[in-house]
There are 2 protein chains.
Amino acid sequence: MNQRLGTTFDKDNILVTHGSQQGLDLSGKVFLDEGDIVLCESPTYLAAISALKAYGCSFTEIPTDENGMQMDALEEVLRHTENIKLIYAIPTFQNPTGRTWSLERRKKLAELSAQYNVAVIEDNPYGELRFEGEPLPSIKSFDTAGNVLCTGSFSKIFCPGFRIGWMAGDKDIIRKYVLVKQGTDLQCNTIAQMVIAKYLEHYDIDRHIAKIVDVYKRRRNVAIACIEKYFPPTIKFTNPEGGLFTWVELPEGIPAREILTKCLEKKVAFVPGGSFFPNANRENTFRINYSNMPEDRIEKGLRIIGEVVREYM
Amino acid sequence: MNQRLGTTFDKDNILVTHGSQQGLDLSGKVFLDEGDIVLCESPTYLAAISALKAYGCSFTEIPTDENGMQMDALEEVLRHTENIKLIYAIPTFQNPTGRTWSLERRKKLAELSAQYNVAVIEDNPYGELRFEGEPLPSIKSFDTAGNVLCTGSFSKIFCPGFRIGWMAGDKDIIRKYVLVKQGTDLQCNTIAQMVIAKYLEHYDIDRHIAKIVDVYKRRRNVAIACIEKYFPPTIKFTNPEGGLFTWVELPEGIPAREILTKCLEKKVAFVPGGSFFPNANRENTFRINYSNMPEDRIEKGLRIIGEVVREYM
């Protein structure tokens, strides 16, 4: 983990959590009071919005492009806004867009977090699932102020049902998380932790990851090829270097929720993009997850979505 | 479960939680805002205090006696206090006192909860562990207004490390818990749920419970006999009909935390009672958990505590 992320965590820097989702919930308890502000990518992971919103915060969305969160826009907001308590980011194979932040932006976020003394949650559930290109160091690896926290999980690389993730960071902050977790649920499932520990001891998880990366890469290839083949050429979409998602932008004014309703009649589903924007919904977007279906069904599903979109346009 | 509790829950009335502790945390999210008031037994389960306190509530302690929470005192508080959002109660083999509420008080709490329209959390982690006497119906079984929620767990009867508990109640309230749980941790451990489901299908859990009840009953017997034998006769203690705990009251002015320090030097531990009072600590009390040690070590431990107490007095 340290090797992958470019970090130097030891056991006092890590709390095992009930999935990385619990790390987000505990972050709300540790950092947020009613009225505080969280900065996030626009769009961002929808269940991070619900986890943090429970603590009465509001969200300021920072625009993104193919290189991640736009640092000029972020700095502008940091300079002019009070009560910012957290910056939430998914820099690698982002959910929902599949995009990956450039090295430069990773460094810059660590710098700004130190300069404005704001905590960062670097959420990294998909980082191990790289299909091509060079791995990039984590934001945490550039963190000189101890403000960056990393979350990760065994859900995407071992077994989702186990609900074993982690939160890692400065040991004084992690100590707060430990106390807050005690009140929340006492502890994680002991048996699941033992199974994972034994697996890591006796098996080669990197070999297992290589196997699933191969499966997902082929599915990504099929998905992208089908979008190119079946969708109208005016439609924009991302071509992720890893992870589970591609993000589709329809022309303005075409509501993905209506496309979804028609697709559901034909037994095909996707997640409409509006829910990934905490404030202004951009309803002409949707997320495709290509990871969970065999290739022939990916093709069939995308052909149907393509037909529905063409009809609608 | 319905048979034991005298309830009529079906699947829409139940949410599986990460241990019953998570049910308490989610209750804070569902019911509490900053400044709200929770009523509880004095003393009460200490981790319920930390779970709910995270949501900014304060506690009003209701006095208890050998028949449970005192209903006159409760009604007085209900009549004169605003912003009461929850009543938290452990009516069977209470933590920390080991006491069990009378039938009359169970009925009365359900009545008052309807009359003042306040939600009740009936926490029941130990109810199955009855050594003698007749089982009593749950508070929920007298609930005509749909205000009572029940929590329970497999931790004390199957395997603590699995972290599988439940919250059960009116289906409109449970629907809120479901939404709140999604934001908190998405879902429980799937494998643990499958293992428990298979166990319940293929094995006789009541036979397993009878086995552990037999073990704990013998340990309770040894613990009570040793307290009588080794403790000064002026000391009060409870003789529970089930569960894991007996509660000891030292004469006024004798601080259990100091007794604990001396006992720890001799490798014996207990939980000082002060932490079980959310407001005014009554430091001359402590909780003994007799469930986790073989009988010879229970005797040895209580002999040492008795000696330390005698020396101190």
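Residues numbered from 1 in each chain as written. Chains lettered and ligands numbered in written order. Predicted model: local features only at pLDDT ≥ 70, side-chain atom pairs only at ≥ 80, totals over all residues. Heavy atoms only, no water.

Moving on, we come to the overall build of chain A. Summing up its helical and strand segments, chain A has ten helices and twelve strands in all. Its C-alpha radius of gyration of 20 Å places chain A within 12% of the 20 Å reference for a compact globule of 313 residues. When the backbone C-alpha atoms are referred to their principal axes, chain A occupies close to 55 × 50 × 35 Å. Across the 313 residues that make up chain A, the buried fraction comes to 57%. Just so you have it, chain A exposes about 13,800 Å², and 50% of that area is on carbon and sulfur atoms. (Helix = DSSP H or I, 4+ residues; strand = E, 2+ residues; numbered from the N terminus. Rg over C-alpha atoms; globule rule 2.2 N^0.38 Å. Buried < 20%, exposed > 50% of the residue type's maximum accessible area, 1.4 Å probe, protein only. Areas by Shrake-Rupley, 256 points an atom, 1.4 Å probe, with all protein chains shown as cover.)

This brings us to the pairing of strand β10 (residues 245-249) of chain A. Residue and element names in this part refer to chain A. Within β10, five of the five residues are buried, which leaves the element mostly enclosed by the surrounding structure. Here β10 shows two buried faces, one formed by F245, W247 and E249 and the other by T246 and V248. Summarising the sheet, strand β9 (residues 236-237) and β10 pair through two bridges and their orientation is antiparallel. Of the residues in β10, the one forming a bridge with F237 is V248. (Pairing = 2+ DSSP bridges.)

Quick look at the sheet that holds strand β12 (residues 285-289) of chain B now. Residue and element names in this part refer to chain B. As summarised here, the arrangement of the four strands in space is β9-β10-β12-β11, forming an open sheet in which the pairing is antiparallel. Each edge of the sheet is formed by a strand with only one pairing partner; in this case those strands are β9 (236-237) and β11 (271-272). As defined by bridge partners, β11 adjoins β12 across two bridges and the pair is classed as antiparallel. Looking at β12, one finds that V271 is bridged to R287.

Looking now at the interface of chain B and chain A. Residue-level contacts link 26 residues of chain B with 26 residues of chain A. Buried area between chain B and chain A, summed over both chains or domains, comes out near 1,900 Å², and the portion from carbon and sulfur atoms is 58%. Here chain B is connected to chain A by two salt bridges. K29 of chain A is the partner of D25 of chain B in a salt bridge, and the nearest nitrogen-oxygen pair spans 2.4 Å. The interface formed by chain B and chain A holds 19 residue pairs in polar contact (both at pLDDT 80 or more) in total. Among the secondary structure elements, those contributing two or more residues to the side of chain B that touches chain A are α2 (19-31), α3 (46-53), α6 (171-185) and α7 (190-202) of chain B. In terms of residue class, the side of chain B that touches chain A is made up of eleven nonpolar, eleven polar and four charged. (Contact = heavy atoms within 4.5 Å. Buried area = accessible area lost by both parts, 1.4 Å probe. Salt bridge = Lys/Arg side-chain N within 4 Å of Asp/Glu carboxyl O. Polar contact = N/O pair within 3.5 Å; in protein donor to acceptor, adjacent residues only side chain to side chain. Nonpolar A, V, L, I, M, F, W, Y, C, P; charged D, E, K, R; others polar.)

Turning our eyes to something else, we now look at the sheet that holds strand β5 (residues 84-89) of chain A. Residue and element names in this part refer to chain A. Spatially, β1-β8-β7-β6-β5-β2-β3-β4 is the arrangement adopted by the eight strands of the open sheet, whose pairing is mixed. Of all strands in the sheet, those bounded by a partner on one side alone are β1 (14-17) and β4 (68-69). Across the sheet, helix α6 (residues 171-185) touches β1, β6 (119-123), β7 (148-153) and β8 (165-168), and the angle it forms with β1 is around 30°. (Axes fitted to C-alpha atoms, helices over the stretch in contact; angles between N-to-C directions.)

Let us now look at the packing of aromatic side chains. For any pair of aromatic rings, the description rests on two quantities: the centre-to-centre distance and the angle between the ring planes. Residue and element names in this part refer to chain B. Summed over the entire model, instances satisfying the criterion amount to 21 aromatic pairs over all chains. Residues F154 and W166 carry aromatic rings whose centres are separated by 5.5 Å and whose planes lie at 70° to one another, so their mutual orientation is edge-to-face. Here F154, found in the loop between β7 (148-153) and β8 (165-168), pairs with W166, found in strand β8; they are twelve residues apart in sequence, far enough to count as distant. Accessibility expressed as a relative area gives 13% for F154, which makes it buried. (Phe/Tyr/Trp six-rings, centres within 6.5 Å; stacked < 30°, edge-to-face > 60°.)

Taking 1.5 Å as the rise per residue, helix α8 (residues 205-230) of chain A with 26 residues should run 38 Å; its terminal C-alpha atoms sit 37 Å apart, in good agreement. With a side-chain oxygen lying 3.0 Å from the backbone nitrogen of D206 of chain A, the N-terminal cap of α8 of chain A falls on D204 of chain A. (Expected span 1.5 Å × (residues − 1).)

This part is about the relation of the copies chain B and chain A. Structural alignment of chain B on chain A gives an RMSD of 0.0 Å, achieved by rotating through 180° and translating 0.0 Å along the axis. Both copies of the chain, as the preceding transformation shows, are related through a two-fold rotation axis. Taken as a fraction of all interface residues of chain B, those also at the interface in chain A reach 100%, which identifies the copy contact as same-surface. (Least-squares fit on C-alpha atoms with pLDDT ≥ 70 in both.)

This brings us to the nonpolar core. In terms of nonpolar packing, the biggest core is built from 152 residues, with F231 of chain A together with F231 of chain B touching the most fellow members. What F231 of chain B contacts, discounting residues up to four positions off in sequence, is C226, V248, F286, I288, L302, I305, G306 and R310 of chain B. (Core = buried A, V, L, I, M, F, W, Y, C linked by side-chain atoms within 4.5 Å.)

Residue P43 of chain A is bonded to the preceding S42 of chain A through a cis peptide linkage, with omega at 5°. In this structure, P43 of chain A sits in the loop between β2 (37-42) and α3 (46-53). Its identity as a non-glycine residue notwithstanding, N83 of chain A has a phi of 65°, on the positive side. Within the secondary structure, N83 of chain A is located in the loop between α4 (71-80) and β5. Note on N83 of chain A: relative accessible area 44%, which makes it partly exposed. A positive phi angle, close to 50°, is found at N117 of chain B, a residue other than glycine.

Per-residue pLDDT for chain A averages 96, and the proportion of residues at 70 or more is 100%. With pTM at 0.92, the complex prediction returns an ipTM value of 0.89. (pLDDT = per-residue confidence, 0-100.)

With that out of the way, let us pick up the packing of helix α2 (residues 19-31) of chain A against α3 of chain A. Residue and element names in this part refer to chain A. Where α2 contacts α3, the axes come no closer than 8 Å and their chain directions differ by 35°. The two elements α2 and α3 cross, and the hand of that crossing is right-handed. On α3, the residues touching Q21, L24, D25, S27 and G28 of α2 are A47, A48, A51 and L52. Split by residue class, the contact of α2 with α3 holds five nonpolar, three polar and one charged. (Left-handed = near helix turned anticlockwise from the far one by under 90°.)

Before going further, it helps to spend a moment on the packing of α8 of chain A against helix α10 (residues 295-312) of chain A. Residues and elements named next belong to chain A. Following both chains from N to C, one finds α8 and α10 inclined at 25°, their axes separated by 9 Å at the closest point. With respect to their mutual orientation, α8 and α10 come out roughly parallel. The two elements α8 and α10 cross, and the hand of that crossing is right-handed. In this structure, α8 uses R218, R219, V222, A223, C226, I227, K229 and Y230 to contact α10, whose residues at the interface are E295, I298, E299, L302, R303, G306 and R310. Taken together, the residues that form the contact of α8 with α10 break down as seven nonpolar, one polar and seven charged. (Parallel < 35°, antiparallel > 145°, perpendicular 65-115°, else oblique.)

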